[in-house]
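# Report on the structure
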Amino acid sequence: MSVIEVTDLRKAYAGRPAVDGVSFAVEEGEIFGVLGPNGAGKTTTVECVEGLRVPDSGRVRVTGLDPVADHERVAQVLGAQLQESRLQPKLTVREALELYAAFYPRPVDWRPLAERLGLQEKLTTRFAKLSGGQKQRLFIALALIGDPRVVVLDELTTGLDPRARRDTWELIEDIRANGVTVLLVTHFMEEAQRLCDRIAVIDKGRVAALDTPAGLIRRSAGATVISFTPSTPLEDRELNTLPALVAVENKDGRITLSGTDDTVNAVLSLLARHHITAHQLRVTDATLDDAFLDLTEASA
Ligand SMILES: Nc1ncnc2c1ncn2[C@@H]1O[C@H](COP(=O)(O)OP(=O)(O)OP(=O)(O)O)[C@@H](O)[C@H]1O
């Protein structure tokens, strides 16, 4: 059963569409990513799912409930990440956990939750004195305290150093392993590629693509990238006529081509014909980053 269903969602601000016909469904136990450039409509979409904004039209359901009409019941099944400004700076970690546990009829015991999130040493620390990573872990704890079936995490790792970001990824995987469905809004391709089962790429208020990370990469035109430094220079004219070529770059004598396996085979034959050696030859799959640029540019 779909835990979240969004069908033809529309929302405009002062007549300007921010979300313009978005549809997707999130299945139980998934980590579902919402990815898109600034201003694409991601936050508006997830805030409609949380019942914080009222859609102009379309249908949103969370475990079959309408987030606006059934707000109270949706709040019991959906854990939302708090915005930083909502927490009193003088509140200690323990006070915040106890306070938020009191909002729910069947909260989880906050002690093991704090331990799982590495907050047990910080229980008497005031919110304002926590590091960025510790604040994020507290937000995750508060989102989980009501024992939700689904959590919405919006830009959770923005501003964290790479170590703290990786720790947070492990926590998100841990949340899913405990049976909670995750809706994750992110700007970070690496994060989306590593964590998400499926991703909706949102651009200009619409779903530009919806697929697994590998599926999105396969759809991108330049799915294979080859780079090398030729032992003698190659003419641009010869490179530009390679089959299925998507892009070519010649930087300080190092050539990078993206295309398909056909492009790679053709460039290798070209090198052999000219008796040119390819130094530091690398063939890699395109990343989600490449696919994202491709997909969002394609819909421009
Ligand atoms: N309360 C509001 N009033 C007026 N316009 C708004 C409001 N909230 C969002 N918008 C506009 O709607 C569009 C979509 O914004 P939204 O915050 O949903 O995008 P986003 O994809 O989350 O962007 P970002 O990645 O920058 O957070 C933007 O053009 C934004 O300026």
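Coordinates for the structure precede this section.
A brief look at the structure comes next. A quick note: this is a predicted structure, and the numbers were derived from the prediction, not measured.

## Considering the packing of helix α5 (residues 132-144) against helix α6 (residues 162-177)
With their axes 11 Å apart at the nearest point, α5 and α6 run at an angle of 10 degrees to one another. Taken together, the axes of α5 and α6 lie roughly parallel to each other. Seen from α5, the contacting residues are Arg 137, Ile 140 and Leu 144; seen from α6, they are Thr 168, Leu 171 and Ile 175. The class makeup of the residues in the contact of α5 with α6 is four nonpolar, one polar and one charged.

## A word on the packing of helix α3 (residues 93-101) against α5
Where α3 meets α5, the closest approach of the two axes is 9 Å, and the angle between their N-to-C directions is 20 degrees. Of the possible angle classes, the one that applies to α3 and α5 is roughly parallel. In this structure, α3 crosses over α5, and the sense of that crossing is right-handed. Taken together, the residues of α5 that come into contact with α3 (itself represented by Val 93, Ala 96, Leu 97 and Tyr 100) are Leu 138, Ala 141 and Leu 142.

## Considering the site of the ligand
Taken together, the residues surrounding the ligand are Tyr 13, Ala 18, Pro 37, Asn 38, Gly 39, Ala 40, Gly 41, Lys 42, Thr 43, Thr 44, Arg 53 and His 187. One nitrogen or oxygen atom from the side chain of Thr 44 is found 2.6 Å from an oxygen atom belonging to the ligand. Residue His 187 places a side-chain N or O atom 3.1 Å away from an oxygen atom belonging to the ligand. Relative to its unbound accessible surface of 630 Å², the ligand loses 56% to contact with the protein.

## With respect to the side chain of Glu 30
Among the secondary structure elements, Glu 30 is positioned in the loop between β2 (16-27) and β3 (31-35). A distance of 2.8 Å separates a polar atom in the side chain of Glu 30 from the backbone nitrogen of Glu 27. Setting aside anything within four residues of it in sequence, one finds Glu 30 in contact with Ala 25, Arg 176, Thr 181, Val 182, Asp 197 and Arg 198.

## A look at the pairing of strand β9 (residues 206-211)
Strand direction decides the pairing type here: strand β8 (residues 198-203) and β9, joined by five bridges, are antiparallel. Looking at β9, one finds that Ile 199 is bridged to Asp 211. Connecting the antiparallel pair β8 and β9 is a turn made up of two residues, with Lys 204 showing a positive phi of about 50 degrees.

Reading the values: rules and limits
- Residues numbered from 1 in each chain as written.
- Predicted model: local features only at pLDDT ≥ 70, side-chain atom pairs only at ≥ 80, totals over all residues.
- Heavy atoms only, no water.
- Axes fitted to C-alpha atoms, helices over the stretch in contact; angles between N-to-C directions.
- Helix = DSSP H or I, 4+ residues; strand = E, 2+ residues; numbered from the N terminus.
- Parallel < 35°, antiparallel > 145°, perpendicular 65-115°, else oblique.
- Contact = heavy atoms within 4.5 Å.
- Nonpolar A, V, L, I, M, F, W, Y, C, P; charged D, E, K, R; others polar.
- Left-handed = near helix turned anticlockwise from the far one by under 90°.
- Near = heavy atom within 4 Å.
- Polar contact = N/O pair within 3.5 Å; in protein donor to acceptor, adjacent residues only side chain to side chain.
- Areas by Shrake-Rupley, 256 points an atom, 1.4 Å probe, with all protein chains shown as cover.
- Pairing = 2+ DSSP bridges.

Keep in mind that these numbers describe shape and distance, not what the molecule does.
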